[in-house]
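Examining the three-dimensional arrangement
What follows is the residue order along each chain.
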Amino acid sequence: MIVADRKPLDEILEMVGDANRILVSACNTCVTVCLAGGRREAAVLASQIRIHAQEAGRTVEVRENCLERHCDAEFLAELAGELEWADVMVSTACGVGVNLASEVYPSARIIPGLNTSFFGATDAPGRWLEMCGGCGDCVLHRTGGICPIVRCAKSILNGPCGGSQDGKCEVDPDTTCAWQEIIDRLALQGRSAELEAVEPVKDWGTSHSGGRRRRIVDEVFQAEGEGEA
Amino acid sequence: MTAQAPAEGMVVGSNLERVLRAGHFAVCGEMGPPQSCSAQAVLNKVSLFKGNVDAVNLTDNQTAIVRMSSIAAAKLILDEGLEPIIQMTVRDRNRIGLQSDLLGAAALGIRNVLCLSGDHMRFGNHGSAKAVYDIDSVQLVNTVHRMREESLLICGDGTPPKPRKPDAPWNNVPTPLFVGAASNPFGDPLEFRVVRLAKKIAAGADFIQTQAIYDLPRFERFMAMVRDRGLHEKVFIMAGVLPVKSPRALTYMRDDVPGMSIPEELVKRMEGAEDKEEEGIAMCVEIIERVRAIEGVRGVHIMPPMWEKVIPAIVSRAGLLPRPTFEGEPA
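Criteria and cut-off values
- By convention here, each chain's residues receive numbers from 1 onward along its written sequence.
- Whichever chain is written first is A, and whichever ligand is written first is 1; the rest continue in order.
- With the structure being a predicted model, the display of local features is reserved for residues of pLDDT at least 70 and the display and counting of side-chain atom pairs for 80 or more, all residues being used for whole-chain, interface and lining totals.
- The basis for every side-chain value is the complete set of non-hydrogen atoms in the structure, without hydrogens or water.
- Where helices and strands are cited, they refer to DSSP runs of H or I of at least four residues and of E of at least two residues respectively, numbered from the N terminus.
- Atoms considered for the radius of gyration are the C-alpha atoms alone. The globule rule reads 2.2 Å times the number of residues to the power 0.38.
- Should any heavy atoms of two residues lie within 4.5 Å, those residues are considered in contact.
- The convention is simple: Lys and Arg are positive, Asp and Glu are negative, and His and the chain ends are not counted.
- Working definition for charges: the position is that of NZ of Lys, CZ of Arg, CG of Asp or CD of Glu.
- By buried area we mean the combined loss of accessible area, with a 1.4 Å probe, across both parts when two parts are placed together.
- Put simply, a salt bridge is a Lys or Arg side-chain nitrogen that is within 4 Å of an Asp or Glu carboxyl oxygen.
- Polar contacts here mean pairs of N or O atoms no more than 3.5 Å apart (in protein, one a potential hydrogen donor and the other a potential acceptor; neighbouring residues in sequence count only if both atoms are side-chain atoms).
- Each residue receives one of three labels: charged for Asp, Glu, Lys and Arg, nonpolar for Ala, Val, Leu, Ile, Met, Phe, Trp, Tyr, Cys and Pro, and polar for the others, Gly being one of them.
- Working definition: with a 1.4 Å probe on protein chains only, accessible area under 20% of the residue-type maximum means buried, over 50% means exposed, and in between means partly exposed.
- When DSSP finds at least two bridges between two strands, those strands are taken to pair.
- Simply put, an axis is a line fit to the C-alpha atoms, just over the touching stretch for a helix, and the angle between two N-to-C directions goes from 0 to 180 degrees.
- A domain assignment, automatic or from a database, supplies the domain bounds used here.

As a further point, take the overall build of chain A. Across its full length, chain A holds nine helices and seven strands. A compact globule built from 229 residues would reach a C-alpha radius of gyration of about 17 Å, whereas chain A, at 22 Å, exceeds it by more than 25%. Across chain A, contacts joining residues at least 24 apart in sequence account for 59% of those joining residues at least 6 apart. Averaging the coordinates of the 22 positive side-chain charges in chain A and doing the same for the 35 negative ones gives two points 2 Å apart.

Here it is in structure tokens:
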């Protein structure tokens, strides 16, 4: 899932500025699971905005809603009426949601309530860890299911670097060295010999260095699609 | 400009390569370029190295702190008759920048390069920089090796590109660089450190410089594993030593520098010493003597951080003078 963090209140208030009618729109998917932008977090943010306005002696109206998903235009249709009313919408969806809502409602002022961070999974209650870099050229079959692209601070394909000590990364002692994990995992699977081979340079052309990426399933796209190129 | 063909038995014919192939115990020293554009700051250090070492490492923005480029500093000392080894990390340049700088360095007469991952920018003075890490250090070793042996870039293009007509001759220009890589016998896991060394050799490394050695028993274990695989016969291994002049420097490395192993007895010894500089020199000379006795160690690499003036004393007291010279050696 996509993992995000709530932006600091001061930053959100600055973006909201002197708007009087504010819509806070939550997303019931990934950001609900990671406790960053679901119904409950949006309600807290709406209250904070109201309290701040009250303290500043201003009258504002804040409404809240929660869509099933912000990353699907079908669900965003619900926003039409609310956006007619609102001066500004604070989205507590991930960046995908903010992009898509802004595309569907180009004249609306939609601001991000979250900082979208990574693709990850719940590791323990209250903790999420990055798992995948979305590089478009998966190598996990060679690394025991451990992504060296994002789990190694230097994205090393022939690791570990000299800074790995006691299984920890040199960059942050709270971070496990991904290459120590890869070595241990392949040893567990009896595949240590595979690590003797020099891994060739990676093709980053499938990653985010070539501008916006797209995926097309021809038969569906030709039959129904029309979107932008 | 076409590079001069190396002498027989040499891949490049740099002074470092000649010293190593002739079977001498090689000596390298490390110079950190200044945190300014002062050429004078580089030139002021030349006399400390001249005649005391076979080649000088120029660090590449070490600890991710912005400094004069290693290639520029290397050219400055080359013009003074010192042989440079440029350090090159994969932290700041992608494959286009790296290969371009390799061509440029070789064009300037630089003949040795040490390929490194580089300290992460979080440790330096631009912690918010975007990381590059397009290729890793093992792949950089292979890149330089291929540019020299096959006159080919990563993309497969030749240097210069091959002619389009199939029968036209290809006047290829190899990039004459003696390829070095680092090895950290104190990083974990120990067993895999030897595997990674083997990978660097397979990728084309000609010489190795190790992380600073204080923990001799662990280094001896590492070298035994290296010999078990016969790796010491495939690459020139130079042991890294790092002289210090305070117990704080040792505890700092122990506590704050990743991948270092500092025995407690050395800290105590330094704490108890009256003349700390003298003790630091003595300790470094002892370590050099110990590593020199280990089979497969072909030289030493002295890295005195901001204390380059200690190099003549260490080299002299370790009995490493005079340094070998060769007939017909370029000045």
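Taken residue by residue, the interface counts 28 residues in chain A and 31 residues in chain B. Where chain A abuts chain B, roughly 2,500 Å² becomes buried across the two surfaces, and 52% of that area is made up of carbon and sulfur atoms. Considering only the surface of chain A that becomes buried against chain B, Lys-154, Gln-165 and Val-201 of chain A emerge as the three largest contributors, covering 22% of it. The tally of links between chain A and chain B comes to one salt bridge. At the boundary of chain A with chain B, the tally comes to 20 residue pairs in polar contact (both at pLDDT 80 or more). Split into classes, the residues belonging to the side of chain A that touches chain B amount to 13 nonpolar, eight polar and seven charged.

All names here are of chain B. Looking at the secondary structure, you find Pro-304 in the loop between strand 8 (297–302) and helix 11 (311–317). Residue Pro-304 is classed as buried on the basis of its relative accessible area, which comes to 2%. Here the alpha-carbon distance between Pro-304 and Met-31, two residues 273 residues apart in the chain, equals 8.1 Å. Contact partners of Pro-304, with chain neighbours within four places excluded, come to Glu-30, Pro-243, Val-310 and Ile-311.

Taken as a whole and judged by the stated rule, the model has 32 salt bridges over all chains. A salt bridge links Arg-191 of chain A to Glu-194 of chain A, with the nearest nitrogen and oxygen atoms 3.0 Å apart. Here Glu-264 of chain B makes a salt bridge to Arg-254 of chain B, at a shortest N to O gap of 2.9 Å. Remark: Arg-254 of chain B occurs in helix 8 (residues 247–256) and Glu-264 of chain B occurs in helix 9 (residues 264–272); sequence separation between them is 10 residues. Among the residues examined, Arg-254 of chain B registers a relative accessible area of 32% and is labelled partly exposed. One network of salt bridges, in which partners are shared, links Asp-60, Arg-93 and Asp-101 of chain B.

With that settled, the discussion passes to the sheet that holds strand 2 (residues 55–58) of chain B. Residue and element names in this part refer to chain B. The eight strands are arranged 1-2-3-4-5-6-7-8 in a closed barrel whose pairing can be described as parallel. The average undirected angle you get between the axes of adjacent strands in this sheet is 30°. Of the strands in this sheet, strand 1 (26–31), strand 2 and strand 3 (84–89) touch helix 3 (residues 70–78), which is tilted by about 180° from strand 3.

A common way to state how big an interface is: give the accessible area lost once the parts meet. Entries for chain A in the domain assignment read domain 1 (2–118) and domain 2 (133–206). The centre of domain 1 of chain A, based on its C-alpha atoms, is set 37 Å off from the matching centre of domain 2 of chain A.

Once that is clear, we can look at the sheet that holds strand 6 (residues 114–124) of chain A. Residues and elements named next belong to chain A. Pairing is antiparallel in the open sheet, where three strands are placed in the order 1-6-7. Strand pairing shows two members of the sheet lacking a second neighbour, strand 1 (2–6) and strand 7 (127–132), which therefore form its edges. The average undirected angle you get between the axes of adjacent strands in this sheet is 70°. The pairing of strand 1 with strand 6 spans five bridges and is antiparallel. By the bridge assignment, Ile-2 is partnered in strand 6 with Phe-119.

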